[in-house]
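Notes for the structure review
Residue-level listing of the chains:
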Amino acid sequence: MSGNMNLTLKVWRQKNDKTRGKFITYQANGISQDMSFLEMLDVVNEDLVRKGEDPIYFDHDCREGICGMCSLHINGRPHGPKQGTTTCQLHMRSFHDGQTIVIEPWRAAAFPVIKDLAVDRTAFDRIQHAGGYVNVNTGGVPDANGIPIPKTVADEAFESATCIGCGACVAACKNASAMLFVSAKISQYALLPQGQTERYSRAQAMVAQMDAEGFGNCTNTGACEAECPVGIKLTNIARMNREYLNAKLFKEEEAH
Amino acid sequence: MSKSKQVLSSSLGKKLIMSLTGLFLCSFLVVHLIGNLQLFYNDQGKAFNDYAYFMTHFTPIKIISYLLYTSIVVHAIYALVVTIHNRKARPVGYAVYRGSENSAWSSRNMGILGTVLLVFIVTHMSNFWWKYHNDSVPYVEYRTDLKTNQTTVTELVAGEFTEYVSYVDNEVEVIKAKDLYKQVAFAFKEWYLVAFYVLGMAALSFHLIHGFKSAFQTLGFDNRKYIPIIRFLGIWIFGVVIPIAFAAMPLYFYFLK
Ligand code: SF4
Ligand code: FES
């Protein structure tokens, strides 16, 4: 078939987080340029199953860039060589025939390897549980125009809310810091009127949980912003710093 | 107290400390540079030596200088603590890591740049600060005739000098001081020291190109109206003008004096 590629894959294989992993080399032959990266791995896995070998374990779900499940550190970058895409949205035309592709899991102490390329990202869930919510009383549906909010602010909150919790920011960061994720989650509520009630307790609780999970410290390299598939901005981190320091240094003791 | 301790031990609190001490050190650089520009005066160090005496004996400045030494130490210690913590956050590293495709070199090498600067500061202080404070510099007398504005300079023998004096007698201004200027001129006759200073200033440049704007980001300051000013200052003033002006001093003494 014309346009099909033969690739060499170096894949990280690891039984579980108790054992040490290592790279195993596989050949992926006859790969179409129109396949997604995950479909390419499916082809490799089918081959492995046919041979009676253990298939490569990797995370995925929606395969259309919205769930944040797919991960993979591909040739030194989270979600591969393209910006603004998840691995499921990455096409094989971004690679060339004969190329060697090194595939690793997200590497962070807070994301232990489940198996092979899949890591446990429940640390993110625990951070969310710590404060990423609003208390809303049930009752009648509020009028859509009942809460006034400037369009620009609503848009900014929406942009922060597009974070899909994939963890590419942690994977990209040389310090394995989760601050882009946490700041996006803090921002989406800090900006909206509905989020004001828990505004300062939220910032403190989520940052405390982030620290407890063992993520690193941000050194403002900006790698997270560059690699985030949905373009979450560094300004979110500035806002988180503001919210947190304001909470800790002033707001906490304001009520008498 | 326990609450403020909590802040300082949190990830964001540590960043706050790094940011505040860093900015304080930046403000010092401006003062230090302006003062040291007097090295370029063609007055055989009169203004500079007078200034050196003032800076080491005026109480408010002395207090600030101790704050400064503390800031350097705190900035370095917190940097070490944060770096160790960050290493622990990724126990197994990547086999392939393309940092250059998503971040600037200086932002990824602040620790190395900072280490160079720390070695620089220790060398710099032992060369000048320590020698100045421990009477290992020569002494000098300036006599300026206030009518003709002519200055005569005489080196003093160590035994004759007791302490700094500055008075006007019979229309002649007399200043006796430690000759730090001469110590500077003497030190910068060595090519390897000049080279080391230029290297140190290159490290300073890269450290501040990332560090200055980074400090404001950490403080949560990202106002769209003012952030371009911060970026401009970070790159052009702290990353270019200040390091080049400092580097010009050893080069000036080596090549032109
Ligand atoms: S901030 Fe971006 S990279 Fe980080 S978890 Fe959210 S979507 Fe993924
Ligand atoms: S599988 Fe859902 S975002 Fe990639």
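Given the structure is predicted, the values throughout are model-derived calculations rather than measurements. (Residues numbered from 1 in each chain as written. Chains lettered and ligands numbered in written order. Predicted model: local features only at pLDDT ≥ 70, side-chain atom pairs only at ≥ 80, totals over all residues. Heavy atoms only, no water.)

Some words on the sheet that holds strand 1 (residues 139-145) of chain B
Residues and elements named next belong to chain B. Read across the sheet, four strands follow the order 2-1-4-3 without closing on themselves; strand pairing throughout is antiparallel. Single-partner strands in this sheet number two, and they are strand 2 (150-156) and strand 3 (165-169). Strand-to-strand twist of the sheet, defined as the mean angle between neighbouring strand axes without regard to direction, takes the value 15 degrees. Examined bridge by bridge, strand 3 and strand 4 (residues 172-178) share five bridges and lie antiparallel to one another. Across the sheet, residue tyrosine 167 finds its bridge partner in strand 4, namely valine 174. Helix-sheet contacts for helix 3 (residues 46-57) involve strand 1, strand 2 and strand 4, and the interaxial angle to strand 4 is about 60 degrees. (Pairing = 2+ DSSP bridges. Helix = DSSP H or I, 4+ residues; strand = E, 2+ residues; numbered from the N terminus. Axes fitted to C-alpha atoms, helices over the stretch in contact; angles between N-to-C directions. Contact = heavy atoms within 4.5 Å.)

Focus on the site of ligand 1
Residue and element names in this part refer to chain A. Around ligand 1 sit 14 residues, and of these Cys163, Cys166, Gly167, Cys169 and Cys228 come closest. The cavity that encloses ligand 1 is the second largest cavity. Broken down by secondary-structure element, the contributors of at least two residues to the shell around ligand 1 are helix 4 (168-172) and helix 5 (179-190). A class-by-class count of the residues in the shell around ligand 1 yields twelve nonpolar, two polar and no charged. (Near = heavy atom within 4 Å. 1 Å grid on protein atoms, 1.4 Å probe; cavity = no way out; pocket = protein on both sides within 12 Å on 5 of 7 lines; lining within 4 Å. Sits in = over half its atoms within 2 Å of the grid points. Nonpolar A, V, L, I, M, F, W, Y, C, P; charged D, E, K, R; others polar.)

Re the domain arrangement of chain B
Residue and element names in this part refer to chain B. Each assigned domain of chain B is listed with its residue range as follows: domain 1 (3-134 + 180-256) and domain 2 (139-178). Taking only C-alpha atoms into account, the centre of domain 1 sits 35 Å from that of domain 2. Contacts between domain 1 and domain 2 engage ten residues on the former and eleven residues on the latter. Summed over both partners, the interface of domain 1 with domain 2 comes to about 910 Å²; 54% of that surface belongs to carbon and sulfur atoms. Counting the contacts that link domain 1 with domain 2 gives two salt bridges. Glutamate 173 is paired through a salt bridge with lysine 46; the nearest N and O atoms lie 3.2 Å apart. Put simply, domain 1 and domain 2 have nine residue pairs in polar contact (both at pLDDT 80 or more) between them. Counting residues per element, the ones that place at least two in the side of domain 1 that touches domain 2 are helix 3 and helix 7 (180-187). Partitioned by chemical class, the residues of the side of domain 1 that touches domain 2 number three nonpolar, three polar and four charged. (Domains from an automatic or database assignment. Buried area = accessible area lost by both parts, 1.4 Å probe. Salt bridge = Lys/Arg side-chain N within 4 Å of Asp/Glu carboxyl O. Polar contact = N/O pair within 3.5 Å; in protein donor to acceptor, adjacent residues only side chain to side chain.)

A short note on the packing of aromatic side chains
Enumeration over the complete set of coordinates arrives at 26 aromatic pairs over all chains. Between the aromatic rings of A:Phe124 and A:Phe181, the centroid separation amounts to 3.6 Å while the plane-to-plane angle is 0 degrees, which identifies the pairing as stacked. Of this pair, A:Phe124 sits in helix 2 (residues 122-131) while A:Phe181 is found in helix 5, placing the two residues 57 residues apart along the sequence. For A:Phe124, a relative accessible area of 3% puts it in the buried group. Centroid distance B:Phe196 to B:Tyr197: 6.4 Å. Interplanar angle 80 degrees. Geometry classified as edge-to-face. On the basis of relative accessibility, which here comes to 21%, the residue B:Phe196 falls in the partly exposed class. (Phe/Tyr/Trp six-rings, centres within 6.5 Å; stacked < 30°, edge-to-face > 60°. Buried < 20%, exposed > 50% of the residue type's maximum accessible area, 1.4 Å probe, protein only.)

Comments concerning the pairing of strand 1 (residues 5-13) of chain A
All names here are of chain A. Counting buried residues along strand 1, seven of its nine residues qualify, which places the element largely inside the surrounding structure. With eight bridges connecting them, strand 1 and strand 2 (residues 22-31) associate as antiparallel partners. For tryptophan 12, the partnering residue across the bridge sits in strand 2 and is phenylalanine 23. Sheet topology places strand 1 next to strand 5 (residues 100-104); four bridges connect them, and they run parallel. Opposite lysine 10, over in strand 5, you have valine 102 as the bridge partner.

Examining the side chain of A:Ser36
Here A:Ser36 lies in the loop between strand 2 and helix 1 (37-50). Not counting residues within four places of it along the chain, the set of residues in contact with A:Ser36 comprises A:Cys88, A:Leu90, A:His91 and A:Met92.

Side note on empty space enclosed by the protein
Residues and elements named next belong to chain A. Under the criterion given, the structure shown has three cavities of 30 Å³ or more. What the largest cavity holds in volume is close to 100 Å³. Forming the boundary of the largest cavity are 13 residues, of which Cys173, Ser177, Cys218, Cys224 and Ile237 lie nearest the centre. Its residues placed into classes, the lining of the largest cavity shows eight nonpolar, five polar and no charged. Each pocket or cavity is described by its volume, and for the second largest cavity that value is around 80 Å³. As for the second largest cavity, its lining consists of 14 residues, and the residues nearest its centre are Cys163, Cys166, Cys169, Cys228 and Ile232. Here the lining of the second largest cavity takes three residues from helix 5, the largest share from any one element. Partitioned by chemical class, the residues of the lining of the second largest cavity number twelve nonpolar, two polar and no charged. (Points joined across faces, edges and corners; volume = space filled by probe spheres on them.)

What about the sheet that holds strand 4 (residues 77-78) of chain A?
Residues and elements named next belong to chain A. Pairing within the open sheet is mixed, and its five strands lie in the order 2-1-5-3-4. Two strands lie at the open edges of the sheet, namely strand 2 and strand 4, each paired on one side alone. In this sheet, strand 5 lies alongside strand 3 (residues 73-74) in antiparallel orientation, the contact comprising two bridges. Looking across to strand 5, one finds that isoleucine 74 is bridged to isoleucine 103. Helix-sheet contacts for helix 1 involve strand 1, strand 2, strand 3 and strand 5, and the interaxial angle to strand 2 is about 100 degrees.

Quick look at helix 1 of chain A
Residue and element names in this part refer to chain A. The terminal C-alpha atoms of helix 1 lie 20 Å apart, and with 14 residues this matches the ideal 20 Å at 1.5 Å per residue to within 8%. Among the residues making up helix 1, those that are buried are Phe37, Leu38, Met40, Leu41, Val44, Asn45 and Leu48. Buried residues of helix 1, seen end-on, are gathered within an arc of 150 degrees and therefore sit on one face of the element. The inward-facing, buried residues of helix 1 abut strand 1, strand 2, strand 3 and strand 5. Looking one or two residues past helix 1, glycine 52 carries a phi angle of roughly 80 degrees, positive in sign. (Expected span 1.5 Å × (residues − 1). Arc of directions from axis to C-beta.)

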